[in-house]
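Topology and contacts: notes
What follows is the residue order along each chain.
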Amino acid sequence: MMQRAREWLSVLLIGLLPLHALFVTICTKMLLGAGHAPLPVLALWKEVLLAIILAIAIFEILRSKEKSVKEVCTPDRLDACILALLFLSVVVGVFVQENWKQYLLGLKYDFLPLLAFMVLRRVSWSQWCSSVFIKVILWIGGAVAFYGLLSMVLPMEFFRALGYSDLHSLYLPERPLAAFHLIGDSGVRRIQSTFSGPNQFGLWLLLPWSFGIVIFFSAWFRAEYPLLRFGAQRTRSQQCILSLLYLVLIGGAMLLTFSRTAWISAAVITVVFIVKTLPRPRAKIQLVRLLGVGGMLLVLLVISAPATVVRLASTKDHILKPLIAVGAVASRPFGQGLGTAGPASNRFSDACVFLEPSADPSWATERQELCVFVGDLQVQPQNRTCNCPFVTENWYLQIAVEMGVLGCMIYIIFTLSVLLRLVSSSALFLPFLGISTAGLFLHSWESGAIAYTLWILISVQLTPKRS
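Analysis parameters
- Residues numbered from 1 in each chain as written.
- Predicted model: local features only at pLDDT ≥ 70, side-chain atom pairs only at ≥ 80, totals over all residues.
- Heavy atoms only, no water.
- Helix = DSSP H or I, 4+ residues; strand = E, 2+ residues; numbered from the N terminus.
- Contact = heavy atoms within 4.5 Å.
- Areas by Shrake-Rupley, 256 points an atom, 1.4 Å probe, with all protein chains shown as cover.
- Axes fitted to C-alpha atoms, helices over the stretch in contact; angles between N-to-C directions.
- Parallel < 35°, antiparallel > 145°, perpendicular 65-115°, else oblique.
- Left-handed = near helix turned anticlockwise from the far one by under 90°.
- Nonpolar A, V, L, I, M, F, W, Y, C, P; charged D, E, K, R; others polar.
- Pairing = 2+ DSSP bridges.
- Buried < 20%, exposed > 50% of the residue type's maximum accessible area, 1.4 Å probe, protein only.
- Disulfide = S-S within 2.5 Å.
- Phe/Tyr/Trp six-rings, centres within 6.5 Å; stacked < 30°, edge-to-face > 60°.
- Expected span 1.5 Å × (residues − 1).
- Bend = angle between axes of the 7 residues up to and from the residue.
- Polar contact = N/O pair within 3.5 Å; in protein donor to acceptor, adjacent residues only side chain to side chain.
- Patch = residues over 30% accessible without salt bridge, like charges linked within 9 Å, V, L, I, M, F, W, Y side chains within 5 Å.
- Salt bridge = Lys/Arg side-chain N within 4 Å of Asp/Glu carboxyl O.
- Lys, Arg positive; Asp, Glu negative; His and termini not counted.

Moving on, we get to the overall build of the protein. Helix and strand content of the protein: 21 helices and five strands. Sequence separation of 24 or more characterises 72% of the internal contacts of the protein that already satisfy a separation of 6 or more. Put simply, the protein shows about 22200 Å² of open surface, and 68% of that area lies on carbon and sulfur atoms.

Here it is in C-alpha cells:
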C-alpha cells in the first residue's frame, strides 16, 4: 500500500511539474491580483510533494523485512560522489559563505534532486509505474507543445488575464513572469508554453523527444521497447506514423523556443541513438538523411530570419560569461559557496538589463527597479551600484564557482558514472545525455521539471551497485 501511494504521488508530481509556472502564475493572480511576484507558498508545492514521497520511501526502507537497513543504506560509488559534494559544500560554506539563505537556495538547486535520487533508488518500483512515467511524459509533452505553438499567435491580453507581466524577455524577482521572450527587435516570439522561460521549455522537451525517437526507430526497424509504445494494439505502420507526427509536434515546439542549446542537445540525442542502436550501414544512411534535413532547416532559418539564429548579443554572452566564470574559479579555486552563481544568485541580486552600446535605454526610465547597462556603463539607477547575478551560462562552471575545482571534478566524475550506468537503457540514457550536454551552454538542471523528473526516472533504473 505504501509503495502504491508513493508511485501514484510520483506520477502526479511528474505530470504536474511541466505546468508549475502556469499554475503558480494563475493562482497568484487569483489570490493577490495582478502585478505580484509568484507566491512562495504556491511555488513550493513541488518540493512539499517531493518531501512526502521521500518520507514514504524512508518509512518503507526502515520497515523493510527483506534486507537490513544497514545493507540498504550502504553507499555505492554514485552515493559517495553525492555525499562528497555535500560535505565539500558545507566545508566551503563554513569558511567563505556570507549568506546562509543563499546557501539553502543553492542547496535546493544543486542537491535536492540528487538527495531524492539517493533515497528513491533504494525502494522498489513496479513495472506498471515505469510504464506510466513514460506515458505521462509523452502525453503532457504533446499537450504543452501544442499550447506552446498556439501561444505564438495568442494576444498579450490573454496572457495578462492569466496573470503574466506586461513586459517580455525580462526576469524581475518582484514581478510576475513574462509570458514569452522576443528576439531582439525582430518581434519574433520565443515560446515558453507553460514554463518560466523558452530555454527551460526547450530543455524539458528533450525528454519526450528522446522517448519519441526511441519509439519511432524501434517501430521502423521492428525493435522492441515494451514501455515505449503509442498504444498496445497499434500496428508497426501506425506506430511509425503516430511517432513521426509526435516528433514533428515536439520538434516544431522546440524549434520555436529558439533555444540553440536545446537544438544542439536534440541533435546529439538523435545522432547518438542512431549510431548506438542501428547497424552501421543503416546508421550511416539515416545520419546522412538527418544531417541533410537538419542542414536545410538551419540554412532556411538563417536566410529567412538571420537574427533568430545568430543573435550576436546572446552568442557573446555564451562566450564571455564562461570566461568570467573561469577567471573567478582561478582566483578562488576552493569555491565561493552555494548559491553564489547560477539561478540562486538571481534571487539575491538586482534585475539587470544589458543593452548594446548603440541602444536607447529611455524605455526603462519608468521602471526604476531595473538596473540598465549600455555597453559596460551603468545608466540606471545613478544613485547606487548594482549587484547583478553571477550567471556562468554553464552548469559545470557554476559548480566550480560554488564548490571549487575539486567539486567540479567530483561532479563530472558523477555525471560520467551515471551515463555509463545508463548506457544500456536508451530510454533514459538519451535525455540524461541531452541535459548533460546542455549543461555546457546553460544552467540546464535549474528547472525542477527537468531535475526532479529525470532523477526520479533514473532512480527507478539505477539501484545501488556494490563494488
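Picking up where we left off.
This next bit is on the packing of helix H19 (residues 395-422) against helix H21 (residues 448-461). Two quantities define a packed helix pair, namely the angle between the helix axes and the distance between the axes. One way to put it is that H19 packs onto H21 with a least axis distance of 11 Å and a crossing angle of 55°. Overall, the two elements H19 and H21 adopt an arrangement that is oblique. Like other packed secondary-structure pairs, H19 and H21 cross with a definite hand, here left-handed. Along its contact with H19, which presents Phe-414, Val-418 and Leu-422, the element H21 presents Trp-455, Ile-458 and Gln-461. Among the residues making up the contact of H19 with H21, the classes are represented as five nonpolar, one polar and no charged.

Our next topic: the side chain of Ser-10. As for its position among the elements, Ser-10 is in helix H1 (residues 2-16). When neighbours within four sequence positions are excluded, Ser-10 is seen to be in contact with Ile-53, Trp-125 and Phe-133.

What follows deals with the sheet that holds strand S5 (residues 377-380). The mixed open sheet is built from three strands, whose spatial order is S3-S4-S5. For this open sheet the edge positions go to strand S3 (351-355) and S5, each flanked by a neighbour on one side alone. The sheet shows a mean angle of 30° between the axes of neighbouring strands, direction not considered. With five bridges joining them, S3 and strand S4 (residues 370-374) adopt parallel strand pairing. The residue of S4 that forms the bridge with Val-353 is Val-372.

The geometry of helix H6 (residues 77-96) relative to helix H8 (residues 112-120) is characterised by a closest axis approach of 11 Å and an angle of 145° between their N-to-C directions. Taken as a pair, H6 and H8 cross one another with a handedness that is left-handed. Only Leu-114, Leu-115, Phe-117 and Met-118 of H8 make contact with H6, whose side of the interface consists of Leu-78, Asp-79, Ile-82, Leu-83 and Leu-86. Residue composition of the contact of H6 with H8, grouped by class: eight nonpolar, no polar and one charged.

The buried fraction of S4 amounts to five of the five residues, a majority that puts the element mostly inside the structure. Relative to S5, S4 is paired through three bridges, and the arrangement is antiparallel. Of the residues in S5, the one forming a bridge with Val-374 is Leu-377. A loop of two residues connects S4 with S5, the two strands running antiparallel in sequence, and Gly-375 in this loop sits at a positive phi of about 65°.

Turning our attention to the state of the cysteines. A full pass over the atoms with the stated rule returns two disulfides. Covalently, Cys-352 is tied to Cys-388 through a disulfide, its sulfur atoms 2.0 Å apart. Across the S-S bond of Cys-352 and Cys-388 the torsion is about -95°, and the bridge reads as left-handed. You can see Cys-352 sitting in strand S3 and its partner Cys-388 sitting in the loop between S5 and H19, a full 36 residues away along the chain.

For the rest of this paragraph, the subject is the packing of aromatic side chains. Applying the stated criterion across every chain, the model contains 18 aromatic pairs. Seen from their ring centres, Phe-23 and Trp-45 are 6.4 Å apart, and the 80° between their planes marks the pair as edge-to-face. Pair noted here: Phe-23 is in helix H2 (residues 20-32) and Trp-45 is in helix H4 (residues 45-63), with a separation of 22 residues, a long-range link. With relative accessibility at 38%, the residue Phe-23 sits in the partly exposed group. Members of the aromatic cluster, joined through ring pairs, are Phe-117, Tyr-396, Tyr-411, Phe-414, Phe-432, Trp-445 and Trp-455.

Compared with an ideal rise of 1.5 Å per residue, which puts 28 residues at 40 Å, H19 spans 21 Å between its outermost C-alpha atoms and falls more than 12% short. Of all the bends found along H19, the most pronounced is centred on Met-403 and spans about 135°. One side-chain oxygen at the N-terminal end of H19 lies 2.9 Å from the backbone nitrogen of Tyr-396; it belongs to Asn-394.

Okay, the environment of Leu-107 next. Within the element layout of this structure, Leu-107 appears in helix H7 (residues 100-110). With a relative accessible area of 23%, Leu-107 lands in the partly exposed category. When the C-alpha atoms of Leu-107 and Gly-339 are compared, they prove to be 7.5 Å apart, with 232 residues separating the residues in sequence. Aside from chain neighbours lying at most four places away, what touches Leu-107 is Leu-86, Leu-112 and Leu-338.

Following Gln-380, the chain continues to Pro-381 via a peptide bond in cis, the omega torsion being -10°. Tracing the sequence through the fold places Pro-381 in the loop between S5 and H19. Although it is not a glycine, Phe-258 adopts a positive phi angle of roughly 50°. By secondary structure assignment, the location of Phe-258 is in the loop between helix H13 (236-256) and helix H14 (260-277). For Glu-393, which is not glycine, the phi torsion reads 55° and is therefore positive. Position of Glu-393 among the secondary structure elements: in the loop between S5 and H19.

Where nonpolar side chains cluster on the molecular surface, the patch consists of Val-90, Val-94, Phe-95 and Trp-100 and spans about 450 Å² of accessible area. Counting residues per element, the nonpolar patch draws most heavily on H6, which supplies three residues. Within the secondary structure layout, Phe-95 lies in helix H6. Judged by relative accessible area, which is 70%, Phe-95 ranks as exposed.

Attention shifts here to the side chain of Arg-190. By the element assignment, Arg-190 lies in strand S2 (residues 189-190). Despite its burial, Arg-190 pairs with no opposite charge, the nearest such side chain being Glu-393 at 9.1 Å. Here the side chain of Arg-190 touches Thr-257 through a polar contact of 2.8 Å, landing on its backbone oxygen. There is a polar contact of 3.4 Å between the side chain of Arg-190 and the backbone oxygen of Phe-258. Those residues within four positions of Arg-190 in sequence are excluded, and the remaining contacts are Phe-180, His-181, Ile-183, Pro-198, Asn-199, Leu-256, Thr-257, Phe-258, Ser-259 and Arg-311.

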